Amino acid sequence: MTAGKEKRNSPKRKKNRLTGFFKDERFRLSLGSFILVFALFLTLSFVSYFFTWKSDQSFEWEKIISSSDLRVENWAGKSGAWFSSMFINHWFGLASFSVPFLLILTGFKLMRVRLAPFGRTFRITIIGALLTSLVLGYIFGDAGGFLGSGPGGAHGYFMAQWLNAFLGKTGTAFLLVLLIFSFFLFSTKNSSSILNKLISKRPTKNEPDLAESNDSTPAMQKEGIAENGNPDSAGFSPSFQVTPEEKNSPESENYYEEDDGEGEEGRIKLLVKEKSASEKSLSEDAIDAHKTEDYDPTLDLSSFKFPPISLLEPYKSAETTVSKEELINNKNKIVETLGNYKIQIDKITATIGPTVTLYEIVPAPGIRISKIKNLEDDIALSLSALGIRIIAPIPGRGTIGIEVPNQNPEIVSMRSVISSVKFQDSKYELPIVLGKTISNETYVVDLTRMPHLLIAGATGQGKSVGLNAILASLLYKKHPAQLKFVLIDPKKVELTVYSKIERHYLAKLPDTEEAIITDTEKVIHTLQSLTIEMDERYNLLKEAHVRNIKEYNGKFIARRLNPEKGHRFLPYIVVIIDEFADLIMTAGREIETPLARLAQLARAIGIHLVIATQRPTTNIITGVIKANFPSRIAFRVTSMMDSRTILDTPGANQLIGRGDMLITAGNEMIRLQCAFVDTPEIDRITEFIGSQQGYPSAHYLPEYVGDNESGSAEVDLRKRDGMFDEAARLVVQHQQGSTSLIQRKFSIGYNRAGRIVDQLEAAGIVGPFEGSKARQVLIHDEYSLEQLLRDMDTI
């Protein structure tokens, strides 16, 4: 009995029972009926969509599904509205009606009712639906929002847009005609034999339905004998009623095995396999070829090597851990001090950081948090600490934090954070590593998400080291083609070490000799030039129909933007200002106005600001500056008022200095120990980069001419540039008086393009320089221009 029971429970018998269940006629009938009903349901929802799509599209689908109060107009209810919107709007448009047809075909197939050859019809319908969606998307586009995304759906619309950008509208039209011709050729019965005769001019055997092949002529039978050597291959019993394409498909109910490819069906099966393999190989080759066509901005400096980590010092501290005795002593003093004021503690834990240790306490029920907060100075006195900070409560933990400085603080080296896995594996656009948190975790942030950074703190507390940490982070991660720096150093000594990487990473005005900007007047011109660059980049984004620099560069790399139309790869630009207070005192509003414009608008086009000051007073850090710099870093300051000016809250006055800092991005505030990088380390990094092959010059920013400057009065039109006439025609044709346009179109240097613009202004073709606005073109037609050029030839 045991053996019989094991035999009944064997895996093979279980598999047979499972297979038998799916082959059971009742299961097939039930499933087929369900699919047919679902097909009718989809048809109803699709038809209803033509009358109800406007009203139903106004709702958010999450609300429709979760709310029982919202009602939809679709005849098939909420689910019908969702299915019809997904298929017709988001996917295939009118071609979505092929889905109910395929479901009907499948349902009848399961019920053993044969409407048409299943496999062949299924393939033809799917390909035809995709092609129909594409054709409708090309012809009608989004049709003004008809049906949501147009008659072709989102698939047809976006595929057509991509093909138009890649091939042009004419090229796309030819491609669609070719696809339609190929579709009808390959979907029509006997088309393969006709195609073979046209190409090879040799006799081929028809591939008719097996039912039809029984009525074939003797000539056809002889042809079959000649090709296969098998007189039976010309005809089969009509009871099978399947096509050769279907007969050897496992999905066909008349599937059967062949003798290793012998006979006519075996030959067809082999040819289909070979054809599929060749098509797959061709498609893979096409994909690989397409991938190699992507533009690589780093190829100009393809041999560039990032600086090695060995250039940085490890800075091992003598004692980097807090002793057990120190922890116990501090815990006891905290509990004792609170107990003197009748504040009972249920629990106290410690988290050791590089500079401070966080003691988390859980007070007894009924203790007011404000009572503990007011004992900050008393706890500092009992611990003999330089200064403590109480966080009451710690967000998300339900505890009160007391930060106590360590007796032997640890030095966080730049080498340790640069080599960390968190920084090395970072996928941020502009990753910067600032140091370590109170729990010894490396802190990495994306500058593009900040998107601007304000740094403040008293003299000697770590601002310059923080700026060097930011610069070093980016130099270790970004290629010179992807990033440019604008360095402004009124003190003239902090950032000069970076002059060695001028031809790799720095950006400057065309007429400036030094890449490190120290003169206040040049600072004003540079900021105004950056606003011009910002406006030009926004124009490029508008023409490319994208919203930010990441999308724009993605399109450019994929070669979907034409450089002949002014498009170019846009590197990120990071502006570093070391001593902002000095600039405000000497230039005031001339500095603040362009800076505010950049802070408000420049994020999307890849210009980011990092400003440092040692005077965090309200006349330096104004409301306009604070409103546009949500991310701020505070090193130690001398007063609570200064802390409030930077962070809008106390805390920075309680830091211990030497790189101890608070960073806030919105509502969250984090205490960090800034990574230490010394000047000799920066010197080695810049020396390593500067010794490599670079660009011919620094990256030039757009030209800016101040109100007191004018070059047109000194221009001698008798000594016009050789490209003057062509540049004049270009400017009038585009109605855009831009130096960068002339530079890109004629592939000339910026200085020469600027001189041509000055000559155009002197000739009255373009107007004077208007700051961030483009020059006005004074001549509006080519006929007037040609008359002017002829008159100038007589000079």
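With respect to the sheet that holds strand β2 (residues 356-363)
With antiparallel pairing, the 4 strands of this open sheet are ordered in space as β1-β2-β4-β3. In this open sheet, the two edge strands, each paired with only one partner strand, are β1 (345-352) and β3 (389-394). The mean inter-strand angle of the sheet, taken between neighbouring strand axes irrespective of direction, is 20 degrees. Relative to the sheet, helix α14 (residues 324-340) contacts β1, β2 and β4 (399-405), its axis offset from that of β2 by approximately 40 degrees.

What about empty space enclosed by the protein?
All told, the structure shown has 3 cavities of 30 Å³ or more when counted by the stated rule. The space that makes up the second largest cavity amounts to roughly 50 Å³. In terms of lining, the second largest cavity is formed by Pro354, Thr355, Val356, Lys436, Thr437, Ile438, Asp660, Arg671, Leu672 and Gln673. Those elements that place two or more of their residues in the lining of the second largest cavity are β5 (431-437) and β14 (668-674). At 3 residues, β14 tops the list of elements feeding residues into the lining of the second largest cavity.

Looking at the packing of helix α21 (residues 520-544) against helix α23 (residues 580-587)
Closest axis-to-axis distance for the α21/α23 pair is 10 Å, and the angle between their directions is 95 degrees. Judged on the interaxial angle alone, α23 and α21 are roughly perpendicular. In contact with Thr520, Val523 and Ile524 of α21, α23 contributes Leu583, Thr586 and Ala587. Here the contact of α21 with α23 is composed, by residue class, of 4 nonpolar, 2 polar and no charged.

Looking at the sheet that holds β5
Taken in spatial order, the 9 strands of this open sheet run β6-β5-β14-β13-β12-β7-β11-β10-β8, and their pairing is mixed. Unpaired on one side and paired on the other, β6 (442-446) and β8 (483-488) mark the two borders of the sheet. Taking the axes of each pair of neighbouring strands and ignoring which way they run, one obtains an average angle of 25 degrees across the sheet. With 4 bridges joining them, strand β7 (residues 453-456) and strand β12 (residues 631-634) adopt parallel strand pairing. Each bridged residue has a counterpart across the sheet, and for alanine 456 the counterpart in β12 is alanine 634. Lying on the sheet, helix α19 (residues 463-475) is in contact with β5, β7, β8, β10 (572-577), β11 (607-613) and β14; it crosses β5 at an angle near 130 degrees.

Criteria and cut-off values
- Counting restarts for each chain: residues are numbered from 1 in the order of the written sequence.
- Given that the model is predicted, a residue must reach a pLDDT of at least 70 before its local features are reported, and side-chain atom pairs must reach 80 or more before they are shown or counted; all residues, however, enter totals for whole chains, interfaces and linings.
- To get the side-chain values, all heavy atoms of the structure are used, and hydrogens and water are removed first.
- In short, DSSP must find at least two bridges between two strands for them to pair.
- Every helix listed is a DSSP run of H or I at least four residues long, and every strand listed is a run of E at least two residues long, numbered separately from the N terminus.
- For helices, the axis comes from a line fit to the C-alpha atoms of the stretch in contact; other axes are also lines fit to C-alpha atoms, and the angle between any two N-to-C directions lies between 0 and 180 degrees.
- Pairs of residues are marked as contacts when any of their non-hydrogen atoms sit within 4.5 Å.
- Buried and open spaces are told apart on a 1 Å grid over the protein atoms alone, a cavity being a set of points where a 1.4 Å probe fits but cannot get out and a pocket being an open set with protein on both sides within 12 Å along at least five of seven lines. Residues with an atom within 4 Å of a point are the lining residues.
- Grid points are joined across faces, edges and corners, and a volume is the space filled by probe spheres set on the points.
- Oblique is the label for every angle not falling under 35 degrees (roughly parallel), over 145 degrees (roughly antiparallel), or within 65 to 115 degrees (roughly perpendicular).
- Note on residue classes: Ala, Val, Leu, Ile, Met, Phe, Trp, Tyr, Cys and Pro are nonpolar, Asp, Glu, Lys and Arg are charged, and everything else, Gly too, is polar.

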